[in-house]
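Descriptive analysis of the structure
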Amino acid sequence: MGHPIRFSDANFPERLEFRASRFEGLGPRWTPFGMPRLNDIFFSTVFFLFGTNPKTGDLRGPMGTGVIVSRPRSDAPPHIGAPPMHIYAVTAQHVAPSWASIIRLNTEDGNSRFIHLEPDEWEFIAGGDDLAVADITERLQQGDIVFCVPEDLFATPDFINDYGVNIGEDCFMLGLFAEHPGKRKNLVAARFGNLSLAANEDAPIEQPNDSVRPSHIIDMHSRPGFSGSPAFVYRTPSGDLRHASQGPRVRLPKVRNVITTYGGKGTLQPDIEDWHEYVHERENTFLRLLGIHVGQYPETVVARKVTKKQENIEDVIRDRDKIQIPSSMTIVVPAWQISRVLNLPKFREKAMQREKEMDERDDKRNKPIPESAVVAQAEPADANPAHKEDFMALLNEAGQDQPKGG
């Protein structure tokens, strides 16, 4: 419960390529490429959101998506994959608390269960990004299928700058296909696309909560139900074309005949007649949470008739009318804004209290027992464990030996 995801969980297909390393030199390596083949671990980072009918109180939905993220304890060493201690639910503010605040998680028995969060248990920054967060650390139970996106996997401004994340990066998001949400458990759908525009302070974008904030734009189709979905960005060496126009820096051979026998030994040899260019450093392989999908950028189009005019049929949309439709340009709140919400005083104070209580429980479990207490408890028990039975037997014998008639 609450395990962090890793790059390897994306199950990329791999192929054997000759690649260069500044430490190892040129050599064969199994290299990820193409589109990830996602497994259930990724789907278990996602939950669906439900609301209640204000008149009847009945459950309604699902109405949106969210993702589970985690933070290690405050004194944990900084590295990816640190054990999660504080676990949070994240979605879009216009979904929770506005419409749906109740979480549905999948469980190990093939079903699901609800975490009934009240609207006021979701925190957000007034006037800030379209994000809402709830602390669910103590609300999880044994049997919940929960995997977390650790904060170390957020695509921060430093990460984006260091790795040159920009237009064309491969992306995918996971969320609710509203027409097929699953009856007994959440059925998570995926959408795929590419980064169209990275968030920029000079070009803020209006989000569905009416805030105008720097936002990523992904060229990816969406639909109602995906609001609050996690959007991931990934790169494999074969997908990095940043240096293609400059000519190859290093010409590396593509493997064709993998094993060639020389003198009874099987050695790995490249086919030197077939060359392939690769950008070959390890940092060109990554997977990060880009942010939270909150809506689609609207497009204004002019309606035109495509069929002959029919008699006695009223035109609801008339020729040349202008209408707005969702485009394939989706708006993503940057992942680093999640950290901004997690740093709200309410969350930080609760995290400090949780760590303190955990330390106190550990201290009690590890506290040494005084030897005197051990000896005092052990000696009577070892001396005669059946002393009560022996005492009663002596009384009975004494009563039988007394003369009758007194």
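Let me begin by describing the structure that accompanies this report. Throughout, a residue's number is its position along its own chain's written sequence, starting from 1. Residue-level local features of this predicted model are given only where pLDDT is at least 70; pairs of side-chain atoms are given and counted only at 80 or more, and the full residue set underlies all totals for whole chains, interfaces and linings. Working from all heavy atoms in the structure, the side-chain values ignore hydrogens and water.

1. Structural notes on the layout of surface pockets
Here a cavity is any set of points on a 1 Å grid over the protein atoms alone where a 1.4 Å probe fits but cannot get out, and a pocket is any open set with protein on both sides within 12 Å along at least 5 of 7 lines; a residue lines the site when it has an atom within 4 Å of a point. Grid points are joined across faces, edges and corners, and a volume is the space filled by probe spheres set on the points. Estimates place the volume of the largest pocket at around 310 Å³. Taken together, 17 residues form the lining of the largest pocket, with Arg71, Pro72, Arg73, Ser74 and Glu355 sitting closest to its centre. Residue assignment for the lining of the largest pocket shows that the elements contributing at least two residues are β6 (86–91) and α4 (345–366). Secondary structure elements follow DSSP: runs of H or I of four or more residues count as helices, runs of E of two or more count as strands, with numbering from the N terminus. The element that contributes the greatest number of residues to the lining of the largest pocket is α4, accounting for five residues. Nonpolar residues are Ala, Val, Leu, Ile, Met, Phe, Trp, Tyr, Cys and Pro. Charged residues are Asp, Glu, Lys and Arg, and all others, Gly as well, are polar. Split into classes, the residues belonging to the lining of the largest pocket amount to nine nonpolar, two polar and six charged.

2. A look at the environment of serine 70
Within the element layout of this structure, serine 70 appears in strand β5 (residues 59–71). Burial classes: relative accessible area under 20% of the type maximum marks a residue as buried, over 50% as exposed, and values in between as partly exposed (1.4 Å probe, protein chains only). Accessibility expressed as a relative area gives 2% for serine 70, which makes it buried. Sequence separation of serine 70 and histidine 3 is 67 residues, and the distance between their C-alpha atoms is 9.2 Å.

3. Quick look at the pattern of salt bridges
A pair is scored as a salt bridge if a Lys or Arg side-chain nitrogen falls within 4 Å of a carboxyl oxygen belonging to Asp or Glu. Tallying each qualifying case throughout the model produces 10 salt bridges. Between arginine 73 and aspartate 359 there is a salt bridge, with the nearest N and O atoms lying 3.2 Å from each other. A residue pair is termed long-range when its members are at least 10 positions apart, and arginine 73 in the loop between β5 and β6 and aspartate 359 in helix α4 qualify at 286 residues. The exposure class assigned to arginine 73 is partly exposed, which follows from its relative accessible area of 22%. Of the charged contacts in the structure, one is a salt bridge between arginine 354 and glutamate 138, with a shortest N-O distance of 2.6 Å. Linking arginine 354 in helix α4 with glutamate 138 in the loop between β9 (132–135) and β10 (147–150), this pair joins segments that are 216 residues apart in sequence.

4. Things to note about the pairing of strand β4 (residues 46–52)
Taken residue by residue, a regular strand's side chains alternate between the two faces of the sheet. Along β4, six of the seven residues are buried, which leaves the element largely enclosed by surrounding structure. Think of it this way: DSSP has to see at least two bridges between two strands before they count as a pair. The turn joining β4 and β5, which pair antiparallel and follow one another in sequence, is formed by six residues; a positive phi near 80 degrees is taken by glycine 57. Across three bridges, the pairing between β4 and strand β7 (residues 102–106) is antiparallel. Looking across to β7, one finds that phenylalanine 50 is bridged to isoleucine 102.

5. Some words on empty space enclosed by the protein
Rolled over the atoms, a probe sized like a water molecule indicates the empty space that remains. Tallied over the full model, the rule gives two cavities of 30 Å³ or more. Considered as a void within the structure, the largest cavity measures approximately 40 Å³ in volume. Forming the boundary of the largest cavity are Ile125, Asp129, Leu131, Gln337, Arg340 and Val341. For the lining of the largest cavity, the residue count by class is three nonpolar, one polar and two charged. In this structure, the second largest cavity encloses a volume near 40 Å³. Considering the residues around the second largest cavity, the lining is formed by Phe43, Ser44, Val46, Leu105, Asn106, Ile145 and Asn186. Classifying every residue of the lining of the second largest cavity by side-chain character gives four nonpolar, three polar and no charged.

6. Some words on the packing of aromatic side chains
Here a pair means two rings of Phe, Tyr or Trp (six-membered ring of Trp) with centres within 6.5 Å. Their orientation is stacked below 30 degrees between planes, edge-to-face above 60, and tilted elsewhere. Evaluation of the coordinates by the stated rule reveals 10 aromatic pairs. Through a chain of ring-to-ring contacts, the aromatic side chains of Phe42, Phe172, Phe192, Phe232 and Tyr234 assemble into a single cluster.

7. Some details on the pairing of β7
Most of β7 sits inside the fold, with five of its five residues counted as buried. Burial along β7 is two-sided: Ile102, Arg104 and Asn106 and Ile103 and Leu105, pointing in opposite directions, are all buried. Examined bridge by bridge, β7 and strand β8 (residues 112–115) share four bridges and lie antiparallel to one another. When the sheet's bridge partners are listed, leucine 105 is paired in β8 with arginine 113. In sequence, β7 turns back onto β8 through a hairpin of five residues, with glycine 110 there showing a positive phi of about 85 degrees.

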